[in-house]
Amino acid sequence: MNMNLTLFGQTIAFAIFVWFCMKYVWPPLTQAMQERQKKIAEGLDAAGRAQQDLKLAQEKVSNTLRETREQAAEIIELANKQANAIVEEAKEQARAEGERLIAGAKAEIEQEVNRAKDALRTQVAALAILGAEKILESKVDTKAHNKLVEKLASQL
Amino acid sequence: MANTPVEYIQHHLQNLVFGSHPEKGWIIAHTPEEVKQMGFWSVNLDTLGWSIAMGVLFLWLFRKAALSASTKVPGFLQNLTEMCIEFVEGTVRDTFHGRNPLIAPLALTIFVWVFLMNSLKWVPVDIIPGLAHLLGAPYFKIVPTADPNGTFGLSLGVFVLILFYSIKIKGVGGFTKELAFTPFNHWALVPFNLFLEIIGLLAKPLSLALRLFGNMYAGEVVFILIALLPFWAQWVLNVPWAIFHILVIPLQAFIFMVLTIVYLSAAHEDHH
């Protein structure tokens, strides 16, 4: 072992290194580390909050979706009802219209029948008179026997 | 240079000394006799040079990391330095129960600096001395912690801090009282207490320096012995030995740091 001035040289170097480390190395590094730690903590916090928000939003979405579905179902039901009502009404109208048409047709037929009966009656009356004239070989006074003829005709 | 194994080993264990020779003035010592004649007024250029180089490397690396330190995603250097700092800070927090802004940077400096100085042992023993020899240096020993001057220089600094904080926290009276009245609190035993406590106090820097020096010196001697083998056989021994030093080198740096923290923690504790 050969001790010499190196001893003090080493001590001085040591002191200078410690001073430099204390002044220029340690503070900025630890500060940066603390800041990063804070930032990471904040980031994790924010992530937690965002997750909470997401959960809330999802709940809201599902609620809204459910409500909308219900509303849609209501609307469809209503529309179905309305459509049924319209169809019923249309059916009713059609039936009424048909009945009306049938009634009209019946009336017309009756009219036609009556008219035909009338025509037939007059023709029969005329034929009866013609026949009677042939039988009697004289003219039947239409005016005088009008009553009789009409009676005859109405009996047909 | 070296011819016999003994000469080879002695040659490798001799520092490059620059000092004041009684007859030749300030010169670089070329023989062990010259070193002896120089006595205390000389400097181990290799020890001091490599110490300072390693210290500057440490501060340069960490300063670089400190300058680019940000809250963004850290890079490799940033991670490395922050890992060291976190490790040292944790150790200090566990061991040192006071408030002193010097302790943590001091511990970091000791840990990294001693680690870097120790790690010079991984450089094969002949490479740098061989290069130095080509440049004209008669001796060259690169591991500063295998030189007692290097380790005692460190422990001397720690010792000064122990004394400084003991007196600063406890006062001159308090510190003297502590030395005089522990472990036996009786006036008749004051001389005995003083004897015991002063030995205990001096043992702190001594044990710090000798532990590191002893470990590094012994490891260095073994590397030199292995280097005496034929070159094709050396790897059988020096590879395992170097791998073993992956444990020894950081461990010694860590022990030096922890003991420094413990001693300074004791210096801060006021028992009264």
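If you're wondering where the values come from, they're calculated on a predicted model, not measured in any experiment.

(A) Layout of the overall build of chain A. On a plain count of helices and strands, chain A comes out with two helices and zero strands. The C-alpha radius of gyration of chain A comes to 60 Å, more than 25% above the 15 Å expected for a compact globule of 156 residues. The dimensions of chain A, computed from C-alpha atoms along their principal axes, are 190 × 25 × 20 Å. Within chain A, buried positions represent 15% of all 156 residues. As displayed, chain A offers around 12500 Å² of accessible surface, 60% of which is attributable to carbon and sulfur atoms. Charged side chains in chain A number 22 positive and 22 negative. The centres of these two groups are separated by 4 Å.

(B) Representation of the overall build of chain B in the model. The helix and strand tally for chain B stands at nine helices and three strands. Helices and strands in chain B line up, N terminus first, as α-β-β-α-β-α-α-α-α-α-α-α. Projected onto the principal axes, the alpha-carbon positions of chain B cover approximately 60 × 60 × 35 Å. Looking at chain B as a whole, 47% of its 272 residues qualify as buried. Across chain B, every contact between residues at least 6 apart in sequence was considered, and the portion connecting residues at least 24 apart equals 68%. With the model as given, the accessible surface of chain B reaches about 13600 Å², and the carbon-plus-sulfur share is 72%. In chain B, 14 side chains carry a positive charge and 16 a negative one; their mean positions are 8 Å apart.

(C) Molecular detail of helix 4 (residues 76-95) of chain B. In this model, helix 4 of chain B (20 residues) spans 29 Å end to end at C-alpha, consistent with the 28 Å of a helix rising 1.5 Å per residue. Residues Gln78, Thr81, Glu82, Cys84, Ile85, Val88, Gly90, Thr91 and Val92 of chain B constitute the buried set of helix 4 of chain B. Buried-residue contacts for helix 4 of chain B involve helix 1 (6-136) of chain A together with helix 3 (45-67), helix 5 (103-119) and helix 9 (234-268) of chain B.

(D) Broad picture of the UniProt feature "transmembrane region" (unreviewed entry) in chain B. All names here are of chain B. UniProt's entry tags residues 40-62, 100-116, 152-172, 184-203, 215-235 and 241-266 with the feature "transmembrane region" (unreviewed entry), counted in the numbering of this structure. Secondary structure content for residues 40-62 is 78% helix and 13% strand, while the C-alpha to C-alpha distance between its ends is 35 Å. Across residues 100-116 one finds 82% helix and 0% strand; the C-alpha atoms that close the span lie 26 Å apart.

(E) Just the sheet that holds strand 1 (residues 17-21) of chain B, in detail. All names here are of chain B. Here we have three strands laid out as an open sheet, ordered 2-1-3, and antiparallel in their pairing. Since the sheet does not close on itself, it has two edges, and those belong to strand 2 (25-28) and strand 3 (42-44), each with one partner. Each neighbouring strand pair of the sheet contributes to a mean axis angle of 15 degrees, computed without reference to strand direction. As paired elements, strand 1 and strand 2 share four bridges and run antiparallel to each other. Bridge pairing links serine 20 to tryptophan 26 in strand 2. Across the sheet, helix 3 is in contact with strand 1, strand 2 and strand 3; its angle to strand 3 comes to roughly 50 degrees.

(F) Summary view of the packing of helix 7 (residues 148-181) of chain B against helix 8 (residues 190-226) of chain B. Residue and element names in this part refer to chain B. Between helix 7 and helix 8, the shortest axis-to-axis distance is 8 Å and the interhelical angle comes to 155 degrees. As the angle between them shows, helix 7 and helix 8 are arranged roughly antiparallel. When you trace helix 7 past helix 8, the crossing you get is right-handed. Each residue belonging to the contact of helix 7 with helix 8 can be placed in one class, and the counts come to 22 nonpolar, three polar and three charged.

(G) Representation of the UniProt feature "coiled-coil region" (unreviewed entry) in chain A within the structure. As recorded in UniProt, the feature "coiled-coil region" (unreviewed entry) lies at residues 47-126 of chain A. Taken as a whole, residues 47-126 of chain A contains 100% helix and 0% strand, while its terminal C-alpha atoms sit 115 Å from one another.

(H) Quick peek at the interface of chain B and chain A. Listed as interface residues are 52 residues of chain B and, on the opposing side, 29 residues of chain A. Summing both partners gives a buried area of about 3700 Å² for chain B against chain A, and 76% of it is carried by carbon and sulfur. On the chain B side of the contact with chain A, Phe40, Thr71 and Asn149 of chain B bury the most area, a combined 17% of that side's loss. The interface formed by chain B and chain A holds one salt bridge in total. At the surface where chain B touches chain A, the tally comes to 13 residue pairs in polar contact (both at pLDDT 80 or more).

(I) Summary view of the pairing of strand 1 of chain B. All names here are of chain B. Relative to strand 3, strand 1 is paired through three bridges, and the arrangement is antiparallel. Residue valine 17 lies in a different strand from strand 3, and its bridge partner there is asparagine 44. Hairpin connection, strand 1 to strand 2: the antiparallel pair is bridged by three residues.

(J) The packing of helix 1 of chain A against helix 5 of chain B, seen in detail. For the pair helix 1 of chain A and helix 5 of chain B, the least separation of the axes is 9 Å and the interaxial angle reads 120 degrees. Compared by their axis directions, helix 1 of chain A and helix 5 of chain B come out oblique. For the pair helix 1 of chain A and helix 5 of chain B, the sense of crossing is right-handed. Each of Gln10, Ala13, Phe14, Phe17, Val18, Cys21, Met22, Val25 and Trp26 of chain A in helix 1 of chain A lies in contact with helix 5 of chain B, whose residues at this interface are Ala104, Pro105, Leu106, Leu108, Thr109, Ile110, Trp113 and Met117 of chain B. Of the residues in the contact of helix 1 of chain A with helix 5 of chain B, the class split is 15 nonpolar, two polar and no charged.

Conventions and cut-offs
Residues numbered from 1 in each chain as written. Chains lettered and ligands numbered in written order. Predicted model: local features only at pLDDT ≥ 70, side-chain atom pairs only at ≥ 80, totals over all residues. Heavy atoms only, no water. Helix = DSSP H or I, 4+ residues; strand = E, 2+ residues; numbered from the N terminus. Rg over C-alpha atoms; globule rule 2.2 N^0.38 Å. Buried < 20%, exposed > 50% of the residue type's maximum accessible area, 1.4 Å probe, protein only. Areas by Shrake-Rupley, 256 points an atom, 1.4 Å probe, with all protein chains shown as cover. Lys, Arg positive; Asp, Glu negative; His and termini not counted. Charge placed at Lys NZ, Arg CZ, Asp CG, Glu CD. Contact = heavy atoms within 4.5 Å. Expected span 1.5 Å × (residues − 1). UniProt positions renumbered as here; feature names shortened; annotations may be inferred. Pairing = 2+ DSSP bridges. Axes fitted to C-alpha atoms, helices over the stretch in contact; angles between N-to-C directions. Parallel < 35°, antiparallel > 145°, perpendicular 65-115°, else oblique. Left-handed = near helix turned anticlockwise from the far one by under 90°. Nonpolar A, V, L, I, M, F, W, Y, C, P; charged D, E, K, R; others polar. Buried area = accessible area lost by both parts, 1.4 Å probe. Salt bridge = Lys/Arg side-chain N within 4 Å of Asp/Glu carboxyl O. Polar contact = N/O pair within 3.5 Å; in protein donor to acceptor, adjacent residues only side chain to side chain.

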